[in-house]
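Listed below are the residues making up each chain.
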Amino acid sequence: MLNKQKILISGATGKIGFPIARALAVSNEVWGLARLQKQGHKEKLSSAGIRPVALDFSIGDFPSLPTDFNYVFHAAVDPGLGDWNACLKTNALNSAELLYHCRSAAGFVFCSTGSIYAYQGQRPLMESDPPGTPLRANYSFSKVAGEAICSWVASRFDIPLSIIRICSTYGPEGGAPADRLEAILQGKPILLYPDAPNNYNPIYEEDYVALGIRAMEMASNPPLVVNWSGSETVSIEDYCSYMGELVGVEPIFEYTEHAHTPLWPDVTHMHQTLGRTSVHWRDGLRRMIKARHPELTLSDER
């Protein structure tokens, strides 16, 4: 764990940025960058010992930020639901601007995504696999561009950089498994890709905090590029069935070509560089359900 460092977390109110910022704030000076436009967001950061910094990352205005951060975890993102040019500016160009602005840092993490990969069928996705054309093309292509331009800036100015390709995070703050839990509880179908099983390696909050901090420490030049996920593989079919058993509602599966292809990562390189995760997916899902729905009595409690 980093100690007595000055650290910047962008996207600090998000499901990834906030738990990492909260953990680091115990023994570091942590600045949390976010829009802070929603009620309670500023207080959420302050109560966790994080210094709130109101900044719209889509606009930039980085000169107002200090340049003396020891480490940066950059999780701010445009999800790509709107204009392509705005998405590209936020996720690629402004990410490179922030990297250059914080070029004295000992480690900078750029959050990319496993959805950049072209689907490879029933095998895990490797860091050397090529990009493809996913459902959310704006978002994924902007992250491909972000990886490229940040790698160039890091090389040009000798900045230690880690590029983490996030595949499936979850926990009390949310994530794809949490979204599927809500679908189960509401009796809505869970859309799956026809090439079953739909394998993933979900990573629980406790583990993604540890591996996120480790990614800052392991930043290098040339950049470390690594899949960022849980160590265990489980299909959506299996983990949703398990959640259904816990809450007493059978999930509804609908197979369609319109569903996202599975993001099943090869974790060999992650194990070599960042380490292994420790929370079993069953334990993580159970903890997530209890945190998000404390009113429910789970089947193993009856």
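What counts, and where the lines are drawn
- Residues numbered from 1 in each chain as written.
- Predicted model: local features only at pLDDT ≥ 70, side-chain atom pairs only at ≥ 80, totals over all residues.
- Heavy atoms only, no water.
- Helix = DSSP H or I, 4+ residues; strand = E, 2+ residues; numbered from the N terminus.
- Polar contact = N/O pair within 3.5 Å; in protein donor to acceptor, adjacent residues only side chain to side chain.
- Patch = residues over 30% accessible without salt bridge, like charges linked within 9 Å, V, L, I, M, F, W, Y side chains within 5 Å.
- Areas by Shrake-Rupley, 256 points an atom, 1.4 Å probe, with all protein chains shown as cover.
- Salt bridge = Lys/Arg side-chain N within 4 Å of Asp/Glu carboxyl O.
- Buried < 20%, exposed > 50% of the residue type's maximum accessible area, 1.4 Å probe, protein only.
- Pairing = 2+ DSSP bridges.
- Contact = heavy atoms within 4.5 Å.
- Axes fitted to C-alpha atoms, helices over the stretch in contact; angles between N-to-C directions.
- Disulfide = S-S within 2.5 Å.
- Parallel < 35°, antiparallel > 145°, perpendicular 65-115°, else oblique.
- Left-handed = near helix turned anticlockwise from the far one by under 90°.
- Nonpolar A, V, L, I, M, F, W, Y, C, P; charged D, E, K, R; others polar.

Q: Honestly, the environment of Trp 264 in this entry has me stumped. Any pointers?
A: Tracing the backbone through its elements, the reader meets Trp 264 in the loop between β14 (252-255) and α8 (268-273). Separated by 30 residues in the primary sequence, Trp 264 and Val 234 place their C-alpha atoms 9.1 Å from one another. Within the structure, the side chain of Trp 264 is placed 3.1 Å from the side chain of Thr 233, a separation counted as a polar contact.

Q: Please clarify how a nonpolar patch on the surface should be interpreted in this entry.
A: Nonpolar side chains collect at one region of the surface, where Tyr 100, Trp 152 and Phe 157 lie side by side and expose about 320 Å² of accessible area between them. Within the fold, Trp 152 resides in helix α4 (residues 137-157). Trp 152 sits in the exposed class, given a relative accessible area of 54%.

Q: I keep staring at unusual backbone geometry and nothing clicks. Help me out?
A: Most peptide bonds adopt trans geometry, and most residues besides glycine take a negative phi value. The peptide bond linking Ala 196 to Pro 197 adopts the cis configuration, its omega dihedral lying at 0 degrees. Although it is not a glycine, Lys 4 adopts a positive phi angle of roughly 60 degrees. Note on placement: Lys 4 falls in the segment before β1 (6-10). Of the residues examined, Lys 4 reaches a relative accessible area of 72% and is grouped as exposed.

Q: Just to check I follow, could you spell out the sheet that holds strand β11 (residues 203-204) for this structure?
A: Either a parallel or an antiparallel arrangement is found when strands of a sheet pair, and the pairing is made through backbone hydrogen bonds. Reading across from one edge, β8-β7-β11 is the order of the 3 strands in this open sheet, with mixed pairing throughout. Of all strands in the sheet, those bounded by a partner on one side alone are β8 (174-175) and β11. Where strand β7 (residues 169-171) meets β11, 2 bridges bridge the pair, whose relative direction is parallel. In the strand pairing of β11, Thr 169 is matched with Ile 203. Relative to β7, helix α9 (residues 281-292) is tilted by about 55 degrees, and along the sheet it contacts β7, β8 and β11.

Q: What is the right way to read the state of the cysteines from this model?
A: The bond known as a disulfide is covalent and runs between the sulfur atoms of two cysteines. A full pass over the atoms with the stated rule returns 0 disulfides. With no disulfide of its own, Cys 150 has Cys 111 as its nearest cysteine by sulfur position, at a separation of 11 Å. The class for Cys 150 is buried, based on a relative accessible area of 0%.

Q: Help me understand the packing of helix α7 (residues 236-247) against α9, please; the structure alone is not making it clear to me.
A: When two helices pack together, their arrangement is given by the angle between the helix axes and by the axis-to-axis distance. Between α7 and α9, whose axes approach to 11 Å, the crossing angle comes to 45 degrees. The angle between α7 and α9 places the two elements in the oblique class. α9 is crossed by α7, and the crossing has right-handed handedness. Residues Asp 238, Tyr 239, Tyr 242, Met 243, Leu 246 and Val 247 of α7 lie in contact with α9, whose contacting residues are Trp 281, Arg 282, Leu 285, Arg 286, Met 288 and Ile 289. Residue composition of the contact of α7 with α9, by class: 9 nonpolar, no polar and 3 charged.

Q: Sorry, what's going on with the environment of Arg 214 here?
A: With respect to the element layout, Arg 214 can be found in helix α6 (residues 205-217). The exposure class assigned to Arg 214 is partly exposed, which follows from its relative accessible area of 32%. When the C-alpha positions of Arg 214 and Asn 94 are compared, they lie 24 Å apart, and in sequence the two are 120 residues distant. Contacts of Arg 214, omitting those with residues within four sequence positions, involve Thr 273 and Leu 274.

Q: Would you mind going over the pattern of salt bridges with me for this structure?
A: When the charged atoms of two side chains lie near each other, side chains of opposite charge can form a pair. In this structure the tally under the stated criterion is 12 salt bridges. Note that Glu 173 and Lys 44 form a salt bridge whose closest N and O atoms lie 3.4 Å from each other. Taken together, the positions of Glu 173 in the loop between β7 and β8 and Lys 44 in helix α2 (residues 41-47) put the pair 129 residues apart, joining distant regions of the chain. With a relative accessible area of 24%, Lys 44 lands in the partly exposed category. The partner of Glu 217 in a salt bridge is Arg 214, and the shortest N-O contact between them spans 3.7 Å. Taken together, the positions of Glu 217 and Arg 214, both in helix α6 and 3 residues apart, correspond to about one turn of that helix. Owing to a relative accessible area of 34%, Glu 217 belongs among the partly exposed residues under this scheme. Overlapping salt bridges, with partners in common, bring together Arg 286, Lys 290, Asp 300 and Glu 301 in one network.

Honestly, it's all geometry; don't read function into it.
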